[in-house]
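Next come the chains, spelled out residue by residue.
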Amino acid sequence: MKVLAIETTCDETAAAVVESGPRVLSDVVFSQVAEHAPYGGVVPEIASRSHVEQLTAVIEDALQRSGLEPNQLDAVAVAHRPGLIGALMVGVTTAKALAWAWDLPLIGVNHLEAHLESAALGGQDITGPCIGVVLSGGHTDMYRVDGDGNSRWLGGTRDDAIGEAFDKVSAVLGLGYPGGPAVEKAALEGDGSAVKLPRTLLADDSLDFSFSGIKTAVLYSWRGANAAHPGRAPDAPEPEDICASFQQAVFDVIAEKIRRACRQESLNTVLLGGGVTANAALREGLADRLGDEIELLFPPLRFATDNAAMIGALALRRLAKGERDSLELVAEAQP
Ligand code: KG4
Ligand code: ZN
């Protein structure tokens, strides 16, 4: 089976053709980063308009690269939740129109569940029960994932998402947008034990996260207590040391939450996904902290950040089970 998949939940306009396996036949991502960079974050209205401008060309490109004609497809899939509502509507409306015009089944996919499918695109076997961890710009969530596609939410962030914390740290230090890659790069030159930052673990058995405390601590370390200085305080640490110390602190927290989830659910396999898993230091840092007892399954780097191939992979799984949606499918901002 082969699906055309569409992704427009946030600021990447993406389309892919994926075959059962899953095998990626084509994968096109148009990043809007340059359009949002002047504002230091994603501007929803700009995102929606940009999707409208780019999506048709992105889909045509994905189809052409796959070497397939529409009549060789088995379904059209689209990420229909969660995300920016205007952005989602562009993808959903386009997917519905194509499904109707080509007389193909339509499959709506949850973007967060799809992030947890992206490790399968690297050939990883993700069919057994495991702990699923989504580390993205908008979400930080843990699930118990059972191989049959069912999942149960275990906990999530009470304030900022992990990727958002990276982006805000980068903004405070003036390292630019998007912040994740900038913080990772700066941290390579820094000392991770140079700046004392809090690790918020909440109650002993809590599987929730909180990153607002560390974000404020970074702000104060840079601009002085209560952010008294308009810019860098005279005695502020080096930005590289702040970035490295920030990463060490958040890796400690994520490792501890994974340890707890594995213990509580009696599982030792962890499936990770989301833009922050593109961070090489995070991959190494979690593996070092969790040792051989816990197996970590990461997506291939190119499928860590938003893409349509992961949407296609999850849609194929649903298609194989006989699931499909009607043309009544709607975009939903919430998961
Ligand atoms: O999954 P994603 O592409 O979009 C959402 O679903 O939100 O994640 C985007 C987030 C951004 O916050 C970005 O700064 C972060 O992932 N990110 C990273 C890295 N690459 C992207 N964070 C840390 N290190 C990276 N290398
Ligand atoms: Zn995402």
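Residues numbered from 1 in each chain as written. Chains lettered and ligands numbered in written order. Predicted model: local features only at pLDDT ≥ 70, side-chain atom pairs only at ≥ 80, totals over all residues. Heavy atoms only, no water.

A. Region of interest: the coordination of the zinc ion (ligand 2). Here the zinc ion (ligand 2) is held by His111 (NE2), His115 (NE2) and Asp306 (OD), and the distances to it run 2.0 to 2.1 Å. The motif formed by the donor residues of the zinc ion (ligand 2), counted along the single chain, is H-x3-H-x190-D. With His111 and His115 both in helix 4 (residues 111-115) and 4 residues apart, this pair spans about one turn of that helix. Of the two residues, His111 and His115, neither departs from the other in class, the shared state being buried. (Donors = N, O, S within 2.8 Å, 3.2 Å for Na, K, Ca; no water. Helix = DSSP H or I, 4+ residues; strand = E, 2+ residues; numbered from the N terminus. Buried < 20%, exposed > 50% of the residue type's maximum accessible area, 1.4 Å probe, protein only.)

B. The site of ligand 1, seen in detail. The immediate surroundings of ligand 1 are formed by 18 residues, with Gly137, Asp167, Glu184, Gly275 and Asp306 found nearest. The contact in question runs from an oxygen atom of ligand 1 to an N or O atom on the side chain of His111, over 3.2 Å. Residues from two domains meet in the shell around ligand 1; each of domain 1 (2-117 + 304-320) and domain 2 (124-301) gives at least three. (Near = heavy atom within 4 Å. Polar contact = N/O pair within 3.5 Å; in protein donor to acceptor, adjacent residues only side chain to side chain. Domains from an automatic or database assignment.)

C. Quick look at the sheet that holds strand 6 (residues 130-135). Taken in spatial order, the 5 strands line up as 8-7-6-9-10 in an open sheet, and their pairing is mixed. The two strands at the open ends of the sheet, each matched to only one other strand, are strand 8 (151-156) and strand 10 (295-297). Mean inter-strand twist for the sheet, computed between neighbouring axes without regard to direction, equals 25 degrees. Inspection of the sheet shows strand 9 (residues 269-273) paired to strand 10 by 3 bridges, in the parallel sense. Along strand 10, the bridge assignment pairs Leu271 with Leu297. Sheet strands in contact with helix 8 (residues 239-265) are strand 6, strand 7 (140-145), strand 8 and strand 9, and its direction is about 155 degrees off that of strand 6. (Pairing = 2+ DSSP bridges. Axes fitted to C-alpha atoms, helices over the stretch in contact; angles between N-to-C directions. Contact = heavy atoms within 4.5 Å.)

Worth remembering: the numbers are spatial, not functional.
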